[in-house]
Amino acid sequence: MASVTLSGVNKWYAGVVHAVQDISFRIEDGEFFGLLGPSGSGKTSVLRMLAGLERPTSGTIAFDDVPVQARSPQERNVAMVFEQNALYPHMTARQNISYPLKIRGLSKGEIETKVADVANMLNIAHLIDRRASQMSGGQQQRVAIARALVRRPNLLCLDEPIAHLDTLLRARLRGELKRLQRSLGTTSVIVTHDPIEAMTMTDRIALMRDGVMQQIGTADEIYNRPVNAFVAQFFGLHSMNVFTVSDVRDTPEFSGQCGGQKVLLPDCVKPHVQADRRIAIGARPSGVSVHKQGQAPRGADMLSLSGRVYVAEQLGDSILVTVQAGETTIQAMTPPSQVFGIDEPVDITIRENALYVFDGDQRTLRFASGQPLPGADRIASFG
């Protein structure tokens, strides 16, 4: 096992594409770390540099504070599991798992012991003499993980290892991988584009966009205290609603314009109104309430506006209601007992404890907890 430190790492491709831009972070010994982001964010490039498959254009990568950027994957003792498991289809599970040990010149007895141990850990002992071509996708991926772990690597790199599996099997393997990593204590890094996968499996997450690190933290920290609107919208089961209220005025009541209508605003957002009388509001669907037209409560502690139901999606224990207010689209999670029809006029309320506020550069100024971002510049008066 090893701690891993990246310092000022950059990666250019053909001198034109700046895929990774000045990335610095540390992965602790035994930590399960996630690299999360949309396609093209640079997360796979970071993983490949950690594994030694590519070299950084500049910056350093260190294992236990020893620079390794010039070392091969073998010299780093790194193991990698890919989305497509890359097993030898004509070989049995035993032969696939033992292959890296044979390359290293271990004795037959040592190989048999290590293969049996890792097969038992991954519950594939009953498949040990079955050919890879005769296994299901989930079984093949377990064999691929066993082949990576049998070497006892300093770092285990997982490149979207369960993305191609069906929903139920993916959920099961998420739990199995997390338990396995905990029991072995192997320093591990997983690349994924799925926020739920990152949230449920890892100790900490680095969220990237266009080669730039956006935020590093635990799932709880990133979900509840996102540093900007991109993180807030990308991270979570359902994207955060983010919309702009313009022409904000404090007389005769605190309100603005959104979706072609007057919107009542809570007093808590007053300190964050920009000089051009605009404010960017955010709220997760779970913090938005939908009411039959004319039945919404009113108060100085909530945002209120009206719209029409675009669609209502049944999710079993809740309903995801999409409301169109002019050009503004807002989603809300409602109890299954609340039934709304398409094009039905409705009122929306968002209480102040569910409101986020962002500045003109999309940086977070206020969290739903009601606390401003430490050190954020806020405008106390908007004239």
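Please read all numbers here as calculations on a predicted model, not as lab measurements.

**Student:** Which residues make up the nonpolar core, and what values go with them?
**Tutor:** Residues Ile97 and Ile124 are the most contacted members of the largest nonpolar core, which totals 34 residues. Those elements giving two or more residues to this core turn out to be strand S6 (78–81), helix H3 (93–103), helix H4 (108–121), helix H5 (137–149), strand S7 (155–159) and helix H6 (167–184). If you tally residues by element for this core, the top one is H5, at six residues. Other than its neighbours up to four places away in sequence, isoleucine 124 contacts Ile97, Ala119, Arg142, Val143 and Ala146. Grouped together as the second largest cluster of nonpolar side chains are 32 residues, Val288, Leu303, Ile319 and Ala325 included.

**Student:** Requested: an account of the sheet that holds S7, with residues and values cited.
**Tutor:** In space, the six strands of this open sheet follow the order S6-S7-S8-S3-S9-S10, with mixed pairing throughout. Edge positions in the sheet fall to S6 and strand S10 (212–217), since each of these pairs with one other strand and no more. Recorded for the sheet is a direction-independent mean angle of 20 degrees between the axes of neighbouring strands. Relative to strand S9 (residues 204–209), strand S3 (residues 32–36) is paired through four bridges, and the arrangement is parallel. Bridging from a neighbouring strand, leucine 36 pairs with leucine 207 of S9.

**Student:** Describe the UniProt feature "domain: ABC transporter" (unreviewed entry) in the chain, listing the residues and the values that go with them.
**Tutor:** Per the UniProt entry, the sites bearing "domain: ABC transporter" (unreviewed entry) are residues 4–235 in this numbering. Secondary structure across residues 4–235 comprises 38% helix and 26% strand; the distance between its end C-alpha atoms is 25 Å.

**Student:** Break down the domain arrangement of the chain for me, with residues and values.
**Tutor:** Under the domain assignment used here, the chain contains domain 1 (4–231) and domain 2 (239–370). For domain 1 and domain 2, the distance between their C-alpha centroids amounts to 40 Å. Listed as interface residues are seven residues of domain 1 and, on the opposing side, eight residues of domain 2. For the pair domain 1 and domain 2, the two sides together bury roughly 720 Å², of which 50% comes from carbon and sulfur. Taken together, the links from domain 1 to domain 2 amount to zero salt bridges. When the residues that make up the side of domain 1 that touches domain 2 are grouped by side-chain class, the tally is four nonpolar, two polar and one charged.

**Student:** With reference to specific residues and values, describe the packing of aromatic side chains.
**Tutor:** This structure, assessed with the given rule, holds three aromatic pairs. Consider the rings of phenylalanine 230 and phenylalanine 234, whose centres lie 5.6 Å apart with planes at 20 degrees: the pair is stacked. One end of the pair, phenylalanine 230, and the other, phenylalanine 234, are both in helix H9 (residues 229–234), four residues apart, so they sit about a helical turn from each other. Phenylalanine 234 gets classed as buried once you look at its relative accessible area, which sits at 18%. Against the face of phenylalanine 254 rests lysine 270, its NZ or CZ located 5.3 Å from the ring centre.

Reading guide: rules and limits
Residues numbered from 1 in each chain as written. Predicted model: local features only at pLDDT ≥ 70, side-chain atom pairs only at ≥ 80, totals over all residues. Heavy atoms only, no water. Core = buried A, V, L, I, M, F, W, Y, C linked by side-chain atoms within 4.5 Å. Buried < 20%, exposed > 50% of the residue type's maximum accessible area, 1.4 Å probe, protein only. Helix = DSSP H or I, 4+ residues; strand = E, 2+ residues; numbered from the N terminus. Contact = heavy atoms within 4.5 Å. Pairing = 2+ DSSP bridges. Axes fitted to C-alpha atoms, helices over the stretch in contact; angles between N-to-C directions. UniProt positions renumbered as here; feature names shortened; annotations may be inferred. Domains from an automatic or database assignment. Buried area = accessible area lost by both parts, 1.4 Å probe. Salt bridge = Lys/Arg side-chain N within 4 Å of Asp/Glu carboxyl O. Nonpolar A, V, L, I, M, F, W, Y, C, P; charged D, E, K, R; others polar. Phe/Tyr/Trp six-rings, centres within 6.5 Å; stacked < 30°, edge-to-face > 60°. Lys NZ or Arg CZ within 6 Å of the ring centre and 35° of its normal.

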